[in-house]
Amino acid sequence: MRWKVILSFLLVLGVAVFVWVFLRNLRLLTDSEESEGVGLRHSERDIARPNWGTELETPDTLPVAGDADLALSGELTVLFEDRAAMERFVNNARSAGIRVLGLQDALLAVRVAAGIDDLGPFLEEGMEVGFNYPVRVPLTPSPQSYDATGLTAFDNSVLSYLGAEEAIRERWGNGVKIAVLDTGWLAHADLTGTRVYELDLLGTARNGEYGGHGTAVSGLIASANAFAPGIAPGSELLAVRVLDASGAGNTFTVADGIVRAVDAGADFIGVGVDTVAL
């Protein structure tokens, strides 16, 4: 039973990597001339998208994939079939004064601050317009939610429960790089001996209610604190900052962070966010 729990923990850390590899393979199949009849092209996806010719005639209603009620206001994302189309769109949008908030080359995706009517003149056949959604750190459960059911906390016995006693986990994580997509990294005494690399995708202030959330998550992996030790103390950490100090972010930046973590050689990726409307 304990090893099943450990396996589940590792699968949660690794699932984002497998998702990205799957998406990347789809992209490679799309771009390959030999993939005809094998991979799904963008135009074959079951998703609403513009379908216009090169004359760029704007229809009365422009379709957008997703749920506008849950999306971030004033933002859209656009996917492209090739790099030339993406560069053409970006140049045209910027010339028209539209702010480009983000570019993801590997996914051929762009994030813009605009409404669908603003983009109409620049959209071509094969371009997919969608929404960008808010994400945030998971909220702390109310004490009443577990007091009412008689549940008790593990305190510092969770690793013992998992069968991960100190003697056997001393070298766990050696040679493994784990990416933590969260609020970034703040120096902490419990992680002094851990090799930590950081990639900040936001560049905003770090002081806030959830500014240390990413560091706390990293501690679950590699903390040297005797009361709350990490499960893989030998691992290297890659702190990818995709959430701000208030714990808020968006799906485009999270996707960008996953790609960058893979490019940086991450063996496992942990993404601890809720995709809920703010």
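Cut-off values and rules
Residues numbered from 1 in each chain as written. Predicted model: local features only at pLDDT ≥ 70, side-chain atom pairs only at ≥ 80, totals over all residues. Heavy atoms only, no water. Phe/Tyr/Trp six-rings, centres within 6.5 Å; stacked < 30°, edge-to-face > 60°. Lys NZ or Arg CZ within 6 Å of the ring centre and 35° of its normal. Core = buried A, V, L, I, M, F, W, Y, C linked by side-chain atoms within 4.5 Å. Buried < 20%, exposed > 50% of the residue type's maximum accessible area, 1.4 Å probe, protein only. Helix = DSSP H or I, 4+ residues; strand = E, 2+ residues; numbered from the N terminus. Contact = heavy atoms within 4.5 Å. Pairing = 2+ DSSP bridges. Axes fitted to C-alpha atoms, helices over the stretch in contact; angles between N-to-C directions. Lys, Arg positive; Asp, Glu negative; His and termini not counted. Salt bridge = Lys/Arg side-chain N within 4 Å of Asp/Glu carboxyl O.

Peer 1: Describe the packing of aromatic side chains, and please don't skip the residues or the numbers.
Peer 2: This model, assessed by the stated rule, comprises two aromatic pairs. Both rings, one in phenylalanine 131 and one in tyrosine 133, keep their centres 6.5 Å apart while their planes meet at 70°; by these two values the pair is edge-to-face. A cation over a ring is seen here: arginine 136 above tyrosine 210, with NZ or CZ 5.4 Å from the ring centre. Over the ring of tyrosine 197 we find lysine 177; its NZ or CZ atom is 5.3 Å from the centre of that ring.

Peer 1: Now, about the nonpolar core: what can you tell me, with residues and values included?
Peer 2: Counting 23 residues, the largest nonpolar core has Leu76, Phe80, Phe89, Val110, Val112, Leu119 and Leu123 as its most contacted members. Only strand S1 (76–79), helix H2 (83–95), strand S3 (109–113) and helix H3 (116–119) provide two or more residues apiece to this core. If we skip the residues at most four places from it in the chain, leucine 76 touches Val64, Val110, Arg111, Val112, Ala114, Gly115, Ile116, Leu119, Val129, Gly130 and Phe131. The next biggest cluster of nonpolar side chains, apart from the first, holds 16 residues, and it includes Val240, Leu243, Val254 and Val273.

Peer 1: Please set out the sheet that holds strand S7 (residues 196–200) residue by residue, giving values where relevant.
Peer 2: Strand order in the open sheet made by the four strands is S7-S8-S6-S10, with parallel pairing throughout. Two strands in the sheet have a free side with no partner beyond their single neighbour: S7 and strand S10 (268–271). Averaged over all pairs of adjacent strands, the angle between strand axes in this sheet comes to 20°, irrespective of strand direction. Sheet topology places strand S6 (residues 177–182) next to strand S8 (residues 236–241); six bridges connect them, and they run parallel. Within S8, the position partnered with alanine 179 by the bridge is leucine 238. In the packing of helix H7 (residues 213–222) onto the sheet, contacts are made with S6 and S8, and the angle to S6 comes to roughly 155°.

Peer 1: How would you sum up the side chain of lysine 177? Please name residues and give values.
Peer 2: One can find lysine 177 in strand S6. Although lysine 177 is buried, it forms no salt bridge, and the closest oppositely charged side chain is glutamate 236 at an N-O distance of 4.6 Å. Sequence-distant contacts of lysine 177, defined by excluding residues within four places in its chain, comprise Glu236, Leu238, Ala264, Gly265, Ala266, Asp267 and Phe268.

Peer 1: Before we move on, could you go through the pattern of salt bridges and cite the residues and values that matter?
Peer 2: Scanning the entire structure with this criterion turns up eight salt bridges. A salt bridge links glutamate 124 to arginine 88, with the shortest nitrogen-to-oxygen separation between them at 2.8 Å. Of this pair, glutamate 124 sits in the loop between H3 and strand S4 (128–130) while arginine 88 is found in helix H2, placing the two residues 36 residues apart along the sequence. Judged by its relative accessible area of 37%, arginine 88 falls in the partly exposed class. One salt-bridge network, in which partners are shared between bridges, spans Glu198, Asp200, Arg206 and Arg241.

Peer 1: Kindly report on the pairing of S1, identifying the contributing residues and their values.
Peer 2: With four bridges connecting them, S1 and S3 associate as antiparallel partners. Looking across to S3, one finds that leucine 76 is bridged to valine 112. Taken together, the three bridges between S1 and S4 define a ladder with antiparallel strand orientation. What sits directly across from leucine 79, in S4, is glutamate 128.

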